[in-house]
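Residues per chain, in single letters:
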Amino acid sequence: MPRFENHHVSLVYIATVWLLAITISAKDDRSFGTFVPAVNRQLPGFDHANQGRWIAPFYFIHVTDIQFGFIAARRVPPGTGWSQEIDNANRFVDAVNSMDPKPKFVVMTGDLVDAMPGEESQAEQQETFRELFSELDTEIPFICLPGNHDVGDNPTSATISDYKANFGDDYFSFWVGGVKFIALNSQYLANDADPDQVAEQKAEQDEWLQNELSHPTFKPNHTILFQHIPWFYGSPYEGADMYNIPVIHRLNWLTRLKEAGVNNVFAGHMHQNAGGHDHDLEMTVTSALGAQLGNDEAGFRIVKVYGDQVAHEYVELDKPPVDISL
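My aim in this report is to walk through the structure given alongside it, one point at a time. What you see is a predicted model, and the numbers here were worked out from it, not measured in a lab. (Residues numbered from 1 in each chain as written. Predicted model: local features only at pLDDT ≥ 70, side-chain atom pairs only at ≥ 80, totals over all residues. Heavy atoms only, no water.)

All right, on to the nonpolar core then. With 57 residues, the main nonpolar core has Phe-92, Phe-129, Phe-133, Phe-142 and Trp-231 as its most contacted residues. Setting aside its immediate chain neighbours within four residues, Phe-129 contacts Phe-32, Ile-66, Phe-68, Met-108, Leu-112, Phe-142, Cys-144 and Phe-167. (Core = buried A, V, L, I, M, F, W, Y, C linked by side-chain atoms within 4.5 Å. Buried < 20%, exposed > 50% of the residue type's maximum accessible area, 1.4 Å probe, protein only. Contact = heavy atoms within 4.5 Å.)

Now for the side chain of Thr-286. Mapped onto the elements of the fold, Thr-286 is located in the loop between strand S9 (281–285) and strand S10 (299–305). Relative accessible area serves as the criterion here: at 0%, Thr-286 is assigned to the buried category. Among the polar contacts listed, one links the side chain of Thr-286 to the side chain of Arg-301, at a separation of 2.7 Å. Each residue touching Thr-286, except ones within four places of it in the same chain, is listed here: His-62, Thr-64, Ala-267, Gly-268, Gln-272, Asn-273, Phe-300, Arg-301 and Tyr-314. (Helix = DSSP H or I, 4+ residues; strand = E, 2+ residues; numbered from the N terminus. Polar contact = N/O pair within 3.5 Å; in protein donor to acceptor, adjacent residues only side chain to side chain.)

What follows is about helix H4 (residues 83–97). Its 15 residues place the ends of H4 21 Å apart at the C-alpha level, agreeing with the 21 Å of an ideal helix rising 1.5 Å per residue. Elements that come into contact with the buried residues of H4 comprise strand S1 (58–63), helix H3 (70–73), strand S2 (106–109), helix H5 (122–133) and S10. (Expected span 1.5 Å × (residues − 1).)

Following both chains from N to C, one finds H4 and H5 inclined at 25 degrees, their axes separated by 10 Å at the closest point. The pairing of H4 with H5 is recorded here as roughly parallel in orientation. Considering how the two elements wind past one another, H4 and H5 form a crossing that is right-handed. Along its contact with H4, which presents Ile-86, Ala-89, Asn-90, Phe-92 and Val-93, the element H5 presents Thr-128, Leu-132 and Phe-133. (Axes fitted to C-alpha atoms, helices over the stretch in contact; angles between N-to-C directions. Parallel < 35°, antiparallel > 145°, perpendicular 65-115°, else oblique. Left-handed = near helix turned anticlockwise from the far one by under 90°.)

A few words now on the sheet that holds S10. In space, the five strands of this open sheet follow the order S3-S2-S1-S10-S11, with mixed pairing throughout. Sheet topology places strand S3 (142–145) and strand S11 (310–316) at the edges, where each strand pairs with a single neighbour. Each strand axis lies, on average, 25 degrees off the axis of its neighbour in the sheet, ignoring direction. Where S10 lies against S11, seven bridges are found, and the strand directions are antiparallel. Counted as the bridge partner of Val-303 is His-312 from S11. (Pairing = 2+ DSSP bridges.)

Our focus in this paragraph is the pattern of salt bridges. Overall, the coordinates contain nine salt bridges when judged by the stated rule. Asp-206 serves as the salt-bridge partner of Lys-202, at 2.6 Å between the closest nitrogen and oxygen. Of this pair, Lys-202 and Asp-206 both sit in helix H8 (residues 195–214), four residues apart, roughly one helical turn. Asp-206 sits in the buried class, given a relative accessible area of 19%. Linking Asp-278 and Lys-258 is a salt bridge whose minimum nitrogen-to-oxygen distance equals 2.9 Å. (Salt bridge = Lys/Arg side-chain N within 4 Å of Asp/Glu carboxyl O.)

This next bit is on helix H7 (residues 157–167). If you check which residues of H7 are buried, you get Thr-159, Ile-160, Tyr-163 and Phe-167. One side of H7 holds all its buried residues, which, seen down the axis, span an arc of 100 degrees. For H7, the elements touching its buried residues are H5, S3 and helix H6 (148–151). Looking one or two places after H7, you find Gly-168, whose phi comes out positive at around 90 degrees. (Arc of directions from axis to C-beta.)

Glancing now at the packing of aromatic side chains. Within the structure shown, the criterion is met by 28 aromatic pairs. Ring centres of Phe-172 and Phe-174 lie 6.3 Å apart, and the angle between their planes is 35 degrees; this geometry places the pair in the tilted category. As far as the burial class goes, Phe-172 and Phe-174 line up, both buried. A ring pair is formed by Phe-174 and Phe-181, whose centres lie 5.1 Å apart and whose planes are at 15 degrees; its orientation type is stacked. Of the two residues examined, Phe-174 and Phe-181, each falls in the buried class. Against the face of Phe-70 rests Arg-74, its NZ or CZ located 5.8 Å from the ring centre. Across the ring face of Phe-58, the terminal group of Lys-104 is positioned such that the distance to the ring centre comes to 4.4 Å. (Phe/Tyr/Trp six-rings, centres within 6.5 Å; stacked < 30°, edge-to-face > 60°. Lys NZ or Arg CZ within 6 Å of the ring centre and 35° of its normal.)

And the structure:
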């Protein structure tokens, strides 16, 4: 009984904070539904002062790669439209809204759309994204970060600016229930990124991340990272390819993450479930809500956060749970 009462208090508290955040950002035309854009590398209302205290175990939803338009584009011959992704998004929203208790938040780790920057259909796909995910329950905060289709395989200052104009900061941190979360723009670290195009932005993210890891003003129960492209999908020493971060960046940052006590990183990009460990750090790759490139079904991940551990399970879209036990 005490656990239930604490969890109820926690849910009421986060709902109050989120309503405050929405009020703060009411004049920000990038907001939609329960999505509030990050500003100055933070989510409004989700700082340590408001969310730094551990109350009870909670869970959140990790979803990725809805990528409106990719399913039709992969057909032979290629098609157009994104009706299947629309159906998947609606079923996902209905499933999450039905959960009891509600998740603390939903995080989408990139590839909100399939059309690349500069392609005519990107704006339309972004509008579909906003419209569908605006239907999430008003008590469930919605958080987004960019993937390669959102800012480009080879991002530029212009594509980064366009993303930020639509969805807020491309990397940021926030607190929920005594846990610190860090969201990265992994495209600065990817193979395709042209260092001459985004050298300044990459350097700024590097410095910011190092500060977030090295100079904690407050000690969190856990520190959890979100990014689109995973550091690795099997072994930290695997070769570089289009599905991971190049070794030159990977091993350096993995060492820093482990030294800072980061034990969990969640990513997408591969459109299939994968992952591995680097000592105590677990790298988890969640399959897509949209098109699949492996043997998984479309779905999402339920992540349960306890005082001493983080547990998670991939859930197929056709088999969503309603009652969530903690």
